[in-house]
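Chain residues, written in single-letter form:
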Amino acid sequence: MLFAIELVLSLTALVVALWLRPWRMLRGALLTPTLAALVVLPGLWLLPQTLPQGLQIQLSGACLLVLMLGWPLAVLVLAGVALSVGLLGQADLAAVVSQCLWVGLMPATVAMVIGAVLRRWLPANLFIYTLGRAFMGTAVAVFFSGFMMELLHRLAGAPAMEQALVGRWLMAWGDAFLTGMFATIFVAFVPQWLATWSDARYLDSR
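Residues numbered from 1 in each chain as written. Predicted model: local features only at pLDDT ≥ 70, side-chain atom pairs only at ≥ 80, totals over all residues. Heavy atoms only, no water.

Novice: Please clarify how unusual backbone geometry should be interpreted in this entry.
Specialist: Outside of glycine, negative phi angles account for most residues, and trans bonds account for most peptide bonds. At Arg21, a position not held by glycine, the phi torsion is positive, near 50°. Note that Arg21 resides in the loop between helix H1 (2-19) and helix H2 (31-45). (Helix = DSSP H or I, 4+ residues; strand = E, 2+ residues; numbered from the N terminus.)

Novice: Looking at this structure, how should I read the packing of helix H4 (residues 62-69) against helix H8 (residues 164-189)?
Specialist: Axis angle and axis distance: for two packed helices, these are the angle between their axes and the distance between the axes, and together they describe the pair. For the pair H4 and H8, interaxial distance at closest approach is 9 Å and the crossing angle is 20°. Put simply, H4 runs roughly parallel to H8. The crossing of H4 and H8 is right-handed. On the side of H4, the interface is formed by Cys63, Leu64, Leu67 and Met68, while H8 contributes Thr179, Phe182, Ala183 and Phe186. For the contact of H4 with H8, the per-class residue count stands at seven nonpolar, one polar and no charged. (Axes fitted to C-alpha atoms, helices over the stretch in contact; angles between N-to-C directions. Parallel < 35°, antiparallel > 145°, perpendicular 65-115°, else oblique. Left-handed = near helix turned anticlockwise from the far one by under 90°. Contact = heavy atoms within 4.5 Å. Nonpolar A, V, L, I, M, F, W, Y, C, P; charged D, E, K, R; others polar.)

Novice: Mind showing me how you'd approach empty space enclosed by the protein here?
Specialist: A water-sized probe rolled over the atoms picks out the places where empty space is left. For the structure shown, the criterion picks out two cavities of 30 Å³ or more. Approximately 50 Å³ is the volume found for the largest cavity. In terms of lining residues, the largest cavity is bounded by Gly115, Leu118, Arg119, Leu122, Pro123, Ala124, Ile128, Tyr129, Arg133, Arg201 and Tyr202. At the level of elements, helix H6 (93-121), helix H7 (126-155) and helix H9 (199-202) are the ones that each hand at least two residues to the lining of the largest cavity. (1 Å grid on protein atoms, 1.4 Å probe; cavity = no way out; pocket = protein on both sides within 12 Å on 5 of 7 lines; lining within 4 Å. Points joined across faces, edges and corners; volume = space filled by probe spheres on them.)

Rendered as structure tokens:
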């Protein structure tokens, strides 16, 4: 039952992303970060399988992808990353789908919603983008996704993991630090790699 729910949610996000035809954005500067993500992220997602037993470090990278590629294209890339993890790793299909949803698609979707809220209700400002959306938004998105995963698994009868939420809280801040750092670097040096960034909106606004 749990696998079916996660599979349906994942496929729904994928169908919506495909319907929006985000591959059209690859004609410009976003091709480079897209290919880089397909190379780098599988290694991060494979960390729980490669690190010594008991050291379960899981980084997402999904929120940074949303900032760089936008939600539809990020969803397709995350699906590709999950496929690579399934082919290269040792996890079964259910584990790969669960990781794709809760580590990738859910944080990406929550990050998109947070970004829309910030754009609507807060002024267009460099620090709102880097600190609000990239840093704090990532922490909230990743932790909320982890919380929802733990809740759904408990409702499905999965055994409780001691201190699971504490670990997810700490890992969320790790993701937030990396996303905030890279977003700031990209704003300064390669803003064309950020589909959600606009000089006219964040630098030239009055």
